[in-house]
Amino acid sequence: MLVGVTDEGELARSIAKYLKQVIIIDSPQRVIKERPNVVIHTFEVPYDEANRNPSAAWNINTWYSINVARSAHKVNSTNVFLSTFMVFDGKKGYYTETSTPNPLNYYGLSKLAGESGIMALGNYLVVRLGALYSTTYRGIFHPFVKGILRGRRVIKCNSNFYVSPITVEEASEIVSSLIKRGIKGVVNVGGKRKSAVEVCEQLGDMFNAKVVPFEGKYYDFSLDDWLLRSLGFTVRS
């Protein structure tokens with residue numbers, strides 16, 4: 001199985017470790033030329049940058065993804081779009097694959113629009129990832145890690161903010177397995193519901209940093225993992 005990833009970033013490299021034949025798909029034309037069996041949409045403008053630069057987010061997370069997907073559709077490739085829990089509004093929590101999206105920020109909006117365009121083509125797997133984290137990944141916990149690396153040893157974290165965290169490594173392992181098994185449709189991939197404080201404390205322990213909880217505005221972006229468990233996966237994160 002020939003798999004194309006759309007960039008060489010951290011998530012793409014991590015996924016590639018679990019797949020045998022992986023090439024870089026850097027344009028719609030390259031898709032037509034290489035004719036991969038699967039195209040994984042890993043290239044994106046990340047959360048922090050997307051909200052500062054909406055036009056870049058729309059151009060990459062939405063239009064570029066859809067244009068690559070159209071080429072993939074022409075050569076009968078399966079589109080695997082890596083989406084986010086931020087397509088939801090955080091009012092309810094335990095969002096299922098059929099919950100109604102309502103993004104609160106431009107990152108979530110750009111990813112939802114990308115989802116919709118790719119779903120319209122058919123032959124897709126949309127993976128709604130929980131809160132991805134590592135010591136280098138540019139997700140919602142990146143400012144926390146960046147602050148520590150810049151010398152801060154006391155970090156404040158909202159105890160009223162809930163997510164379904166998952167490491168980049170484990171998410172990559174699950175996504176690659178879903179692809180190998182030919183799973184289609186929409187699948188939530190995230191860990192157990194945790195407060196942001198719990199995740200920050202895990203990261204803080206790695207760098208000997210102290211986490212100070214504060215009661216900020218309540219959000220619950222947790223994902224229901226029933227479908228993932230029914231497919232035989234148990235998230236360790």
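Residues numbered from 1 in each chain as written. Predicted model: local features only at pLDDT ≥ 70, side-chain atom pairs only at ≥ 80, totals over all residues. Heavy atoms only, no water.

Just checking my understanding: could you explain the nonpolar core for this structure?
Nonpolar side chains in soluble globular proteins generally cluster together in the buried interior. By size, the foremost hydrophobic cluster in this structure holds 40 residues, and its most contacted members are V31, F85, F141, F144, V163 and L203. A total of 6 residues in this core trace back to one element, the largest contributor, which is helix 4 (residues 54-74). Listed in part, the 29 residues of the second largest apolar core include I40, L125, V127 and V175. (Core = buried A, V, L, I, M, F, W, Y, C linked by side-chain atoms within 4.5 Å. Buried < 20%, exposed > 50% of the residue type's maximum accessible area, 1.4 Å probe, protein only. Helix = DSSP H or I, 4+ residues; strand = E, 2+ residues; numbered from the N terminus.)

Even after reading the chapter, I still don't get the sheet that holds strand 1 (residues 2-5), so can you show me in this structure?
Pairing between the strands of a sheet is mediated by backbone hydrogen bonds and can be parallel or antiparallel. Strand order in the open sheet formed by 6 strands is 2-1-3-4-5-10, with parallel pairing between adjacent strands. Two strands lie at the open edges of the sheet, namely strand 2 (21-24) and strand 10 (185-189), each paired on one side alone. Going from strand to strand, the sheet's axes swing by 25 degrees on average, the running direction of each strand aside. The strands that helix 7 (residues 168-180) touches are strand 3 (38-41), strand 4 (78-84), strand 5 (124-129) and strand 10; relative to strand 5, the one it contacts most, it runs at about 160 degrees. (Pairing = 2+ DSSP bridges. Axes fitted to C-alpha atoms, helices over the stretch in contact; angles between N-to-C directions. Contact = heavy atoms within 4.5 Å.)

Could you clarify how one ought to interpret the pattern of salt bridges in this entry?
Pairing of side chains with opposite charge becomes possible as their charged atoms draw close. Across all of its chains, the model carries 10 salt bridges by this definition. Between D48 and R138 there is a salt bridge, with its nearest N and O atoms 3.5 Å apart. Here R138 lies in the loop between strand 6 (131-133) and helix 6 (142-149) and D48 lies in helix 3 (residues 47-52), a separation of 90 residues in the sequence. E170 is the partner of R236 in a salt bridge, and the nearest nitrogen-oxygen pair spans 3.8 Å. Placement of R236 in the segment after helix 9 (226-230) and of E170 in helix 7 is noted, with a sequence separation of 66 residues between them. With a relative accessible area of 62%, R236 lands in the exposed category. Overall, the relative accessible area of 4% leaves E170 in the buried class. (Salt bridge = Lys/Arg side-chain N within 4 Å of Asp/Glu carboxyl O.)

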